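Chain and residue survey
Here's the letter readout for the chains.
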Amino acid sequence: MERDNKSSDFLHIGYKLLNWYGKNARDLPFRQTKDPYKIWICEIVFQQTRISQGLNHYNNFIKRFPDVRTLAGAEENEVLLYWKGLGYYSRAINIHKASQQIMNDYHGVFPADYEEILKLKGVGKYTAAAVSSICFGGRMPAVDGNFYRVLSRIFADDFDISSSRAFSYFSQLAALIMPENVGDFNQAMMDLGSEICKPKNPLCGECPVNDDCLAFSLDRISDYPVKTKKVKAQDLALKYYFVHRNGKFLIRQRKDDFIWKKLFEFPDTISEDLEPFIRNVKTVTHKLTHKNLTIEISNVEVDSEVVWGRFIAQNHYLITDFEDSHDKSFPKPLENYIQNALKD
Ligand code: SF4
């Protein structure tokens, strides 16, 4: 669509959003603070997790790691443990590394500048913009999927959100409606996108900017946002052996970052002399971003002390008690498997 580049023509939209946010802001624990550490953690936690699902995890995480220093000094496995249930464990690893970066490179003081925040491990443009605007008065829009959707609907703009230029395009579009108070504006857009201008069935009747929304007035909301590229999920088959004896089972920690980096897993091969001890085989499916996993897990109950001892001696697996397994972070399907095994 043709647009006038003068931001003043559209600025009233941003003020309407601020006004609406002033009256309707969600009452969330991290809204009562400007502590950049807490805002940063909450932005990472809630990137892929609904507030209702992640709130307890966020509160527990902050309770155990209330500041950068505590997090930086913690063992990585404990950080992973407190991330349990949130998935995307690479984020927890990055948060931990970034906290050490803050201790080492910034004397333990969270950097205030957008460009400096961007240097932290695992921090992208969205998070850097959110933290700098909410905590330090920075003036960058925190452009994410909510911005893409809301802006493309307001302007009935058919720019492809799967394009590599989408971020810079929608940043410019956001600048047209962005008032002085960018921190509140960013949060208003987050709330509008999740509560009102939802991907499906947006509540246009309750929307503070429905008078200004071109897609609404044209009755073409379902046409926006435009997305052409769909990433095809890759099918992946995995095999595991739940090798156990007298309430103990074998595990190891993953090193590669293909999937589930640093999480614990079961052996993926066994020696021939263990094969007779396979009791049953269960197949489970699990979806990751862009991956469909089919996981075959064999239940290997080793009745022989000799075979058990030999297998352990020949491999570098760790032995863990069923009861102690909750001290470690496992991928969700393996965690479920252990929980079921505990019930049997
Ligand atoms: S009027 Fe509807 S489509 Fe337009 S911004 Fe509001 S909720 Fe979204």
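Residues numbered from 1 in each chain as written. Predicted model: local features only at pLDDT ≥ 70, side-chain atom pairs only at ≥ 80, totals over all residues. Heavy atoms only, no water.

Next up on the list: the domain arrangement of the chain. Split by domain assignment, the chain resolves into domain 1 (8–223) and domain 2 (234–343). One C-alpha centre belongs to domain 1, the other to domain 2; they are set 37 Å apart. Interface of domain 1 and domain 2: buried area, both sides summed, is about 840 Å²; carbon and sulfur atoms make up 49% of it. It is Leu81, Lys84 and Tyr89 in domain 1 that bury the most area against domain 2; as a group they hold 48% of the surface buried on that side. The tally of links from domain 1 across to domain 2 stands at two salt bridges. Across the domain 1-domain 2 interface, the total number found is six residue pairs in polar contact (both at pLDDT 80 or more). Broken down by secondary-structure element, the contributors of at least two residues to the side of domain 1 that touches domain 2 are α5 (76–82) and α6 (89–105). (Domains from an automatic or database assignment. Buried area = accessible area lost by both parts, 1.4 Å probe. Salt bridge = Lys/Arg side-chain N within 4 Å of Asp/Glu carboxyl O. Polar contact = N/O pair within 3.5 Å; in protein donor to acceptor, adjacent residues only side chain to side chain. Helix = DSSP H or I, 4+ residues; strand = E, 2+ residues; numbered from the N terminus.)

Counted by the stated rule, this structure contains 26 aromatic pairs. Residues Tyr37 and Trp40 carry aromatic rings whose centres are separated by 6.0 Å and whose planes lie at 65 degrees to one another, so their mutual orientation is edge-to-face. Separated by three residues within a single helix, Tyr37 and Trp40 lie in helix α2 (residues 36–45), roughly one turn from each other. Trp40 shares its class with Tyr37; the two are buried. Considering the side-chain rings of Phe242 and Phe322, the 5.8 Å spacing of their centres and the 40 degrees angle between planes classify their relative orientation as tilted. One end of the pair, Phe242, is in strand β1 (residues 234–245); the other, Phe322, is in the loop between β6 (318–321) and α14 (332–343), and 80 residues separate them in sequence. (Phe/Tyr/Trp six-rings, centres within 6.5 Å; stacked < 30°, edge-to-face > 60°. Buried < 20%, exposed > 50% of the residue type's maximum accessible area, 1.4 Å probe, protein only.)

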